[in-house]
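Observations on the model geometry
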2 protein chains.
Amino acid sequence: MRSVSVVGIGQLPVEKASNLSLRQLGGEAVRRAMEDAGVDRVDALFASNMLADEIQGQKHIAALIAEEANLFGVEALQARAAMAGGAAAIRVAFLSVASGEADLAIAVGVEKMSEGVATPALSKALDAAREVPDGATMISKNAELKRMYLDRYNVPEDGLVNFPVVAHDHARSNPFALYKKAISPGEVQSSRVVHAPLRLFECSPICDGAAAVVLAPSEQARAYNPNPVQILASSVVTDRFCIDDREDPLQLEAAHHSSYDAYRKANINREDIHLFEVHDAFSIMACLQLEAAGFAEPGQGWLLAVEDEIRLQGQIPITTMGGLKARGHPIGATGLYQVCEIVLQLTGRAGENQVRNAEIGMMQSVGGAATTVLTHIFGV
Amino acid sequence: MRSVSVVGIGQLPVEKASNLSLRQLGGEAVRRAMEDAGVDRVDALFASNMLADEIQGQKHIAALIAEEANLFGVEALQARAAMAGGAAAIRVAFLSVASGEADLAIAVGVEKMSEGVATPALSKALDAAREVPDGATMISKNAELKRMYLDRYNVPEDGLVNFPVVAHDHARSNPFALYKKAISPGEVQSSRVVHAPLRLFECSPICDGAAAVVLAPSEQARAYNPNPVQILASSVVTDRFCIDDREDPLQLEAAHHSSYDAYRKANINREDIHLFEVHDAFSIMACLQLEAAGFAEPGQGWLLAVEDEIRLQGQIPITTMGGLKARGHPIGATGLYQVCEIVLQLTGRAGENQVRNAEIGMMQSVGGAATTVLTHIFGV
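Structure report, in brief. As the structure is a computational prediction, the values presented were derived from the model and not from experiment.

Conventions and cut-offs
Residues numbered from 1 in each chain as written. Chains lettered and ligands numbered in written order. Predicted model: local features only at pLDDT ≥ 70, side-chain atom pairs only at ≥ 80, totals over all residues. Heavy atoms only, no water. Core = buried A, V, L, I, M, F, W, Y, C linked by side-chain atoms within 4.5 Å. Buried < 20%, exposed > 50% of the residue type's maximum accessible area, 1.4 Å probe, protein only. Contact = heavy atoms within 4.5 Å. Salt bridge = Lys/Arg side-chain N within 4 Å of Asp/Glu carboxyl O. Helix = DSSP H or I, 4+ residues; strand = E, 2+ residues; numbered from the N terminus. Buried area = accessible area lost by both parts, 1.4 Å probe. Polar contact = N/O pair within 3.5 Å; in protein donor to acceptor, adjacent residues only side chain to side chain. Nonpolar A, V, L, I, M, F, W, Y, C, P; charged D, E, K, R; others polar. Pairing = 2+ DSSP bridges. Least-squares fit on C-alpha atoms with pLDDT ≥ 70 in both. Expected span 1.5 Å × (residues − 1). 1 Å grid on protein atoms, 1.4 Å probe; cavity = no way out; pocket = protein on both sides within 12 Å on 5 of 7 lines; lining within 4 Å. Points joined across faces, edges and corners; volume = space filled by probe spheres on them.

Let's talk about the nonpolar core
With 160 residues, the main nonpolar core has A:Val6, A:Leu45, B:Val6 and B:Leu45 as its most contacted residues. In this structure A:Val6 touches A:Val213, A:Val214, A:Leu215, A:Pro228, A:Val229, A:Ile231, A:Val339, A:Val343 and A:Phe378, once residues within four positions along its chain are discounted.

Next up, the structure:
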C-alpha cells in the first residue's frame with residue numbers, strides 16, 4: 001500500500017448564508033485546493049454532502065462539483081457516513097491513492113444549510129424505523145447523553161461550558177471561522193435551553209461552507225508541495241446503531257476502537273498526539289471523544305476542559321481553529337475543514353492558533369449518535 | 001496494487017413490494033453473500049442506496065445494514081453516483097481490497113421503492129438548479145434522447161422494441177427476476193405512452209431488491225471459493241452534467257471513455273467480451289451504450305437488437321438474466337445484481353441463460369443522463 005500525503009488544501013469562510021450556490025461552493029473549494037497543490041487536474045474527486053437531497057433537491061453532487069471545477073471526464077463519486085461524510089470522502093480518496101488507482105485525488109465537502117430546514121433531515125442519521133417514530137432527533141439524543149453524563153458522574157450543570165468557550169477563543173483569529181468572537185462561561189450557561197439539558201451555546205450552528213484537500217502518493221508529494229502532510233492512519237469503525245442498544249451509551253465504542261486502530265496503524269501512542277480535532281457538534285460529544293480516545297478516564301473528560309488542558313498550550317489541544325462550535329459545522333464539509341486545520345497546524349501556518357512543535361495531529365468525525373466514527377492521524 | 005476477486009454473491013428476488021424492511025433487505029443480501037463466500041466476518045462494508053433519504057426517511061444506511069448483518073465494529077460507508085450507486089459501492093470495495101486496507105470487503109445495494117413515490121426523488125440526479133425547474137425528469141430526458149435518435153437515424157418508431165423483448169426472454173428462468181414472462185414486440189409497441197415517445201414496456205420497473213458481493217485479494221480467493229471471478233478493470237468517468245450542454249447528446253462520452261479505459265486496464269479488446277450487462281433503465285440507454293462501448297457504429301446499435309445479436313447466442317449478449325427491464329431495477333441494488341449475474345455466467349451457473357464459453361463479462365452502470373458511468377470487467 002502506498003503512503004498518502006496531503007499536498008493541497010482549500011477552504012471557504014463558513015457563513016450563516018453564502019451567496020454562492022451549492023455547486024459554486026463545491027467548485028470553489030476544489031479550485032482553491034488545486035491551486036494550493038499547483039495542479040490543474042486530478043484523477044478522481046470524492047465528494048461529501050449530507051443534506052442536498054432535501055434542502056436543494058440535489059443528488060449526484062460529485063459529478064456536479066467536478067463539472068463546476070472544470071474537471072471534465074474525471075472519476076467522481078460521493079462518500080457518505082451521515083455527519084461524518086467529510087471524513088468518508090477523505091477515506092475513499094485515501095484508498096484511491098493508496099491503491100494506485102489515482103495519482104492525484106481530491107476530497108471535497110460542501111453543505112448549504114441556509115436554504116432549508118436542517119433538523120428533520122439530520123435526524124435521518126438515526127433509525128427511521130425505531131428512533132425517529134419515538135420522537136428522537138440528533139439534538140434529543142445528545143441531550144440524553146449529556147443528562148446521563150451529568151447524573152452518573154455528579155458533574156455540575158455548567159461542567160461542560162469550557163468546551164464552547166475554548167472553541168470560540170480559538171476561532172477568533174481563524175479567517176474561515178463563522179464566530180470570530182469570544183464567549184464567556186456565563187453566556188453559555190445563560191443561553192437558552194434548546195433541548196434540556198442542552199443549551200444553545202453548546203450546539204454547533206447551522207451554516208454554509210465548503211473545503212477540500214488534494215491527496216498524492218507520499219513519494220511524489222514534494223513535487224506538488226514543499227510541505228506535504230502524511231496520512232499516518234485512516235480508520236473507520238461502527239457501533240450498535242441506536243445508543244439505547246449499547247451496553248453503556250457513555251462509552252463510545254466506535255470512537256474508542258477507531259482511535260486505537262488509528263494509533264496502531266500510525267505506530268504511535270496516544271501521548272504522541274499534539275492536537276486533536278474532535279467532532280464537537282455538541283459539547284458532550286467532545287467530552288466523550290476525549291475519554292474514548294484515552295485522553296481521560298470515563299467521567300473525567302470534562303475536567304480537561306475545566307482545567308484548560310484543551311487549550312493551545314494544554315495537555316491535549318482540541319478545536320484549535322474553532323471546532324464545529326465556532327468555526328462552524330456545515331455538515332458534509334466539516335471533515336474537510338478539520339483536515340485543512342490540521343495541515344495548517346502541522347506546517348506551522350496556524351498563526352495565533354499555532355500549537356507549538358505540532359508534528360502529529362488527529363481528527364475524528366462522528367456519524368449519528370457516534371454510530372460511525374472515522375479517525376485520521378496526520379504527521380510531518 | 002493487489003488484484004481483487006469476487007468470492008461470494010448474494011441476491012434476493014426482485015419484487016414489486018417486499019415484505020422485508022429496508023434494513024432487513026440489506027442484511028439478508030449480506031448474509032447470503034457471506035454464506036456463499038463461507039465467511040462470518042468482513043473488514044469493511046460499502047453500501048449503496050439512492051432513495052431511502054426520501055422514501056424511508058433514512059440516511060446512514062451502511063451502518064444500519066452492518067448491524068443487521070451482525071457485523072459489529074466493521075468499517076461501513078455508503079458510496080453514491082445517482083443510479084450508478086451499486087457500481088460505486090463495488091468500486092470503493094475494490095479500492096479497499098486493492099489498497100490492502102481490507103482483506104475482505106462486501107459491497108451491498110438495497111432499494112425499497114414500494115413504500116413511496118420514486119420519480120421526483122430520481123429526478124434529483126439531474127441538475128436541481130437548471131433542469132428540474134425546467135420540468136425535466138429522468139423519464140423526460142430519456143424520452144428526449146429516444147426522439148433525437150429516431151429522428152437523426154431514421155429509425156422506425158418500433159425500432160427499439162427488441163431490447164425489452166430480449167430482456168424478458170432472458171428473465172424467464174432467472175429465479176431472482178421480477179418479470180419471468182415473455183413479452184412480444186407488439187405488446188411493447190402497444191403499451192401505453194409514458195412520456196412520448198417512451199412507452200411503458202421500454203422503461204424499467206419500480207421495485208424492491210437487494211444484492212451483495214464479497215471481494216478478496218485474488219491471491220487468497222481460492223481459500224474462500226473454488227471458482228473466484230477476478231475484477232479485471234474498474235473505471236469511473238463523468239461527462240458534462242446536463243445533456244443539453246454536450247456537443248452531441250447521442251454520443252455518451254462518459255460511457256465511451258469508461259469502456260475504453262476499462263479495456264485498457266483489463267488489457268483486452270472489445271472483441272474479447274463475451275457478455276455485456278448494460279444499464280437498460282430505458283431501451284434507448286442500452287442502445288446508446290452498445291454504440292459508446294464500440295459494439296456498433298453511431299446509429300447502428302438498434303440493429304444489433306433487431307438482428308437478435310444481443311441474445312445469448314448473438315454477437316454480444318446483453319441483459320442475460322433479464323437486465324434492468326425484466327430482472328428489475330431496484331436502483332441502489334442494480335449494480336450488485338449485475339455483478340452477481342456476471343459471476344453466475346463466468347462460473348457456468350447461469351442455467352438456461354448460460355452464455356457458452358463465457359470467460360469475460362462487462363457491466364456498465366449509468367448515473368443520471370449518462371453523466372457518471374462506471375464500467376467493470378470480470379474474468380475467469
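Picking up where we left off.
Observations regarding the pattern of salt bridges
Two side chains carrying opposite charge are able to pair once their charged atoms lie near each other. Tallied over the full model, the rule gives 62 salt bridges over all chains. Residue A:Arg91 pairs with B:Glu75 through a salt bridge whose shortest N-O separation is 2.8 Å. Here the residue A:Arg91 occupies a position in helix α4 (residues 85–99), and B:Glu75 occupies one in strand β3 (residues 75–80), the pair thus bridging two chains. The class for A:Arg91 is buried, based on a relative accessible area of 1%. A salt bridge links A:Asp261 to A:Arg264; its shortest N-O distance comes to 2.6 Å. You can see A:Asp261 and its partner A:Arg264 sitting in helix α9 (residues 253–266), three residues apart, about one turn around the helix. Residue A:Asp261 is classed as buried on the basis of its relative accessible area of 19%.

Thoughts on the interface of chain A and chain B
In many analyses, interface size is given as the accessible surface area lost on bringing the parts together. Across the boundary between the two partners, chain A contributes 56 residues, which contact 56 residues of chain B. Counting the surface chain A buries against chain B, the share from its top three residues, A:Lys59, A:His60 and A:Arg80, is 17%. The interface formed by chain A and chain B includes twelve salt bridges. B:Lys59 is the salt-bridge partner of A:Glu54, the closest N and O atoms lying 3.0 Å from each other. Linking chain A with chain B are 36 residue pairs in polar contact (both at pLDDT 80 or more), by the criterion used here. Looking at the side of chain A that touches chain B, the elements that each hand over two or more residues are α2 (52–55), α3 (61–68), β3 (75–80), α4, β8 (229–238) and β11 (372–379) of chain A. Top element by residues in the side of chain A that touches chain B is α4(A). It accounts for eight residues. Among the residues making up the side of chain A that touches chain B, the classes are represented as 28 nonpolar, 15 polar and 13 charged. Here β3(A) runs beside β3(B); their pairing, made up of three bridges, is antiparallel. Among the inter-strand pairings, A:Arg80 is bridged to a residue of β3(B), identified as B:Gln78.

So, the pairing of strand β11 (residues 372–379) of chain B
Residues and elements named next belong to chain B. The buried fraction of β11 is high, at eight of eight residues. Burial of β11 is two-sided: the residues Thr372, Leu374, His376 and Phe378 facing one way and the residues Val373, Thr375, Ile377 and Gly379 facing the other way are all buried. Sheet topology note: the strand β8 (residues 229–238)/β11 ladder contains eight bridges and is antiparallel. Residue pairing for β11: Ala233 is matched across the bridge by Ile377. Taking the residues that link successive antiparallel strands as the turn, the strand β10 (residues 360–367)-β11 hairpin has four residues, and the phi of Gly368 there is positive, at about 65 degrees.

Quick look at the relation of the copies chain A and chain B
After a rotation of 180 degrees and a shift along the axis of 0.0 Å, chain A superposes on chain B with an RMSD of 0.0 Å. Here the copies are linked by what is in effect a two-fold axis. No C-alpha of chain A lies nearer the rotation axis than that of A:Ser99, which sits 1.9 Å from it. Mapped onto chain B, 100% of the interface residues of chain A again fall at the interface, so both copies present the same surface.

Thoughts on α4(A)
Residues and elements named next belong to chain A. Here α4 spans 21 Å end to end across 15 residues, near enough to the 21 Å set by a 1.5 Å rise per residue. Of all 15 residues making up α4, 15 are buried, and the element is well covered by its neighbours. Positive phi shows up at Gly100, right after α4, with a value of about 100 degrees.

What to know about empty space enclosed by the protein
A full pass over the atoms with the stated rule returns eight cavities of 30 Å³ or more. Taken as a whole, the largest cavity encloses approximately 50 Å³ of empty space. Lining the largest cavity are A:Lys59, A:His60, B:Ser48, B:Asn49, B:Met50, B:Ala79, B:Arg80, B:Ala81, B:Ala82 and B:Gly85. Residues belonging to the lining of the largest cavity are distributed by class as follows: four nonpolar, four polar and two charged.

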